[in-house]
2 protein chains.
Amino acid sequence: MTKYFEDFAVGEVIELGSVAVTEEAIIDFARQFDPQPFHVDPEAAMEPPFKGLIASGWHTCALYMRLMCDGMLNDSSSQGASGMEELRWLNPVRPGDTLTGSYTVLEANRSSTKPHRGTVTFRSEMLNQDDEVVLRMSGRGQYGTRDAAKA
Amino acid sequence: MTKYFEDFAVGEVIELGSVAVTEEAIIDFARQFDPQPFHVDPEAAMEPPFKGLIASGWHTCALYMRLMCDGMLNDSSSQGASGMEELRWLNPVRPGDTLTGSYTVLEANRSSTKPHRGTVTFRSEMLNQDDEVVLRMSGRGQYGTRDAAKA
């Protein structure tokens, strides 16, 4: 059932499922990686412009990545990604939010120099329970081809 | 000693210090957020093209963020960032690596609509112990002004 490079269709939208965000998880991530007051201290975060604790943007990216693994990548021939474009944290992520991810295929190109793999250009989005986009970015992922897997 | 918007000079390079990356930390992050075989399973990661365990790209971003907090942001008037551009994972990060971060000021613009804050456009880089760039990206951060802090 593995998804190979050949299986990505331009325009396809892959729904990746949802994740609930707790205050504990927000503080836990931020204490390790982004200990700014508005990410780790609910009281300090009450001051403008934050008006309450918000998740680190990198936490939101990491949560999206987990949805992508569980919802698609770990049943695919993924060989990683080289980068992301236009990463935008468009709305704050707060304790109690439920985030839902999607992966839209924008382009799929077989490598001319390494024909056993191809590059999928995709748009990533994460929406909260009010259908507000909290994260949008695009990227390029490398995938092995079905040919290569058979060889 | 807080660094306000007015204190960022175009061309300034802020050295953010270093962090050592252990196999345990790589696996720990990846189990939570990016459980692909080449991030969580040293044996599976031996297969081409990885040739050994590599850190999740989001882990590298999170480690950079921590250096940025400790080396600058948490002694500044930072109000967060809205996004990143041209994020590139240029070389793999492996167990035993030591990563060093820098923050280069590309532009600094006071907001015309909210004069109590300004936007700093910056380039982020993380190098390993062999001076190979493992992460490069640029972003825009919001900072409060000294005027606003005095008011």
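Residues numbered from 1 in each chain as written. Chains lettered and ligands numbered in written order. Predicted model: local features only at pLDDT ≥ 70, side-chain atom pairs only at ≥ 80, totals over all residues. Heavy atoms only, no water.

Turning next to the relation of the copies chain A and chain B. For the match of chain A to chain B, the screw axis carries a shift of 0.0 Å, the RMSD comes to 0.0 Å, and the turn is 180 degrees. The transformation just described matches what one would write down for a two-fold rotation axis. Taking the C-alpha atom as reference, chain A places Glu85(A) closest to the rotation axis, 2.7 Å from it. An overlap of 100% is found between the interface residues of chain A and their copies at the interface of chain B, pointing to a shared contact surface. (Least-squares fit on C-alpha atoms with pLDDT ≥ 70 in both. Contact = heavy atoms within 4.5 Å.)

Counting residues in each nonpolar core, the largest one holds 81 residues, and the members touching the most others are Trp58(A), Leu87(A), Tyr103(A), Trp58(B), Leu87(B) and Tyr103(B). Leave out the neighbours within four places in its chain, and Leu87(A) touches Trp58(A), Cys61(A), Leu135(A), Arg136(A), Met137(A), Trp58(B), Ser82(B), Gly83(B), Met84(B) and Leu87(B). (Core = buried A, V, L, I, M, F, W, Y, C linked by side-chain atoms within 4.5 Å. Buried < 20%, exposed > 50% of the residue type's maximum accessible area, 1.4 Å probe, protein only.)

Another aspect to go through is helix 1 (residues 23-33) of chain A. Within helix 1 of chain A, the full set of buried residues consists of Ile26(A), Ile27(A), Phe29(A), Ala30(A) and Phe33(A). One side of helix 1 of chain A holds all its buried residues, which, seen down the axis, span an arc of 165 degrees. Turned more than 90 degrees from where helix 1 of chain A packs its buried face, Glu24(A) and Arg31(A) sit exposed. Looking at the packing, one finds that the buried side of helix 1 of chain A touches helix 2 (37-40) and helix 3 (57-71) of chain A together with helix 1 (23-33) and helix 3 (57-71) of chain B. (Helix = DSSP H or I, 4+ residues; strand = E, 2+ residues; numbered from the N terminus. Arc of directions from axis to C-beta.)

A word on the environment of Gly141(B). Residue and element names in this part refer to chain B. Structurally, Gly141 can be placed in strand 5 (residues 133-144). Considering only alpha carbons, one finds Gly141 and Tyr103, 38 residues apart in sequence, at a separation of 11 Å. In this structure, Gly141 is in contact with Gly80, Ala81, Gly118, Thr119, Val120 and Phe122, ignoring residues within four places of it in sequence.

Of note, Gln36(A) is situated in the loop between helix 1 and helix 2. On the basis of relative accessible area, Gln36(A) is assigned to the buried category, the value being 4%. Apart from residues no more than four positions distant in its own chain, Gln36(A) is found in contact with Met65(B), Cys69(B), Leu73(B), Asn74(B) and Ser78(B).

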